[in-house]
Amino acid sequence: MASIYTVWTTKGKAMAAEQLGPNNPITFTRVAASSNDYSSTDPTALAALTKLDSEQQKGYIAYSNVINSNTLHMELLFKNSDATQNYNLYAVGLYAAGSDKQEYLYSVTVLHDPQVVNTDSAGSTFGLSLNTIVGDATTVNITITDAGAITQTILDAGLSTKQNLIGYTPADDSKVVHTTGDETINGQKKFKTDPTDGAGN
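Residues numbered from 1 in each chain as written. Predicted model: local features only at pLDDT ≥ 70, side-chain atom pairs only at ≥ 80, totals over all residues. Heavy atoms only, no water.

### Overview of the overall build of the protein chain
- When you go through the protein chain residue by residue, the secondary structure sums to three helices and eight strands.
- Its helices and strands taken in sequence order, the protein chain reads β-α-β-α-β-β-β-β-β-β-α from the N to the C terminus.
- Out of the 201 residues in the protein chain, the part that is buried amounts to 31%.
- Within the protein chain, counting contacts between residues at least 6 apart in sequence, those at least 24 apart form 74% of the total.
- Surface exposure of the protein chain reaches about 12600 Å², of which carbon and sulfur atoms provide 50%. (Helix = DSSP H or I, 4+ residues; strand = E, 2+ residues; numbered from the N terminus. Buried < 20%, exposed > 50% of the residue type's maximum accessible area, 1.4 Å probe, protein only. Contact = heavy atoms within 4.5 Å. Areas by Shrake-Rupley, 256 points an atom, 1.4 Å probe, with all protein chains shown as cover.)

### Some points on the environment of E75
- Looking at where E75 falls in the secondary structure, it is placed in strand 4 (residues 71-79).
- Of the polar contacts made by the side chain of E75, one reaches the side chain of H73; its length is 2.7 Å.
- Looking at E75, its side chain comes within polar contact range of the side chain of S129, at 2.8 Å. (Polar contact = N/O pair within 3.5 Å; in protein donor to acceptor, adjacent residues only side chain to side chain.)

### Digging into the side chain of T9
- Residue placement: T9 occurs in the loop between strand 1 (4-8) and helix 1 (10-19).
- For T9, the side chain forms a polar contact with the main-chain nitrogen of G12, separated by 2.9 Å.

### So, the side chain of Q56
- Following the sequence through the fold, Q56 ends up in strand 3 (residues 55-68).
- Look past the residues within four positions of Q56 in its chain and what remains in contact with it is A33, S34, S35, D82, Q85 and Y87.

### Considering the pairing of strand 6 (residues 103-117)
- Sheet topology places strand 1 next to strand 6; five bridges connect them, and they run antiparallel. Within strand 6, the position partnered with T6 by the bridge is T109.
- Strand direction decides the pairing type here: strand 5 (residues 87-97) and strand 6, joined by ten bridges, are antiparallel. Note that in strand 6 the partner of Y95 across the bridge is L105.
- The turn joining strand 5 and strand 6, which pair antiparallel and follow one another in sequence, is formed by five residues; a positive phi near 70° is taken by K101. (Pairing = 2+ DSSP bridges.)

In structure tokens:
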């Protein structure tokens, strides 16, 4: 069996079938990460699940697009800062609500080789690509929040870390010759070719 695979729950199948009728959209409500090892669980038993055991943190739908009339592609994102403890990620649950507005476990994605998740507040994230089957991809509601986006604070922290790792120090702007503006250059500078003006003279 593949190292990562997704099982449609029994309720998820029923919701997709119901969605084929009029005015029955599916709303994907949340994503959850679990530390429970489902890798040896029979697919039939996985399909019967109504919730994931040992949920460790929430996830976000950072991006989605329609592949065809019955398939959605989603990019899921998890923030390490949302984890309250270090854990091994073995499964991801996608939850959805149907016409009755109640939330149900729609699908379960199982990882045979777990993702090690360490909690931190430095802006670390990890992601998962997921294709999911629906009755009608044009009547699916998905909320994409800015929690799944990289903020300027996270970007600055990442750049700072990278700079420290490679030993890079930004140039002193006062010691750089610029292409515009008036500047005074101290000392003698030698050119291999004669400088030209804007007309090429």
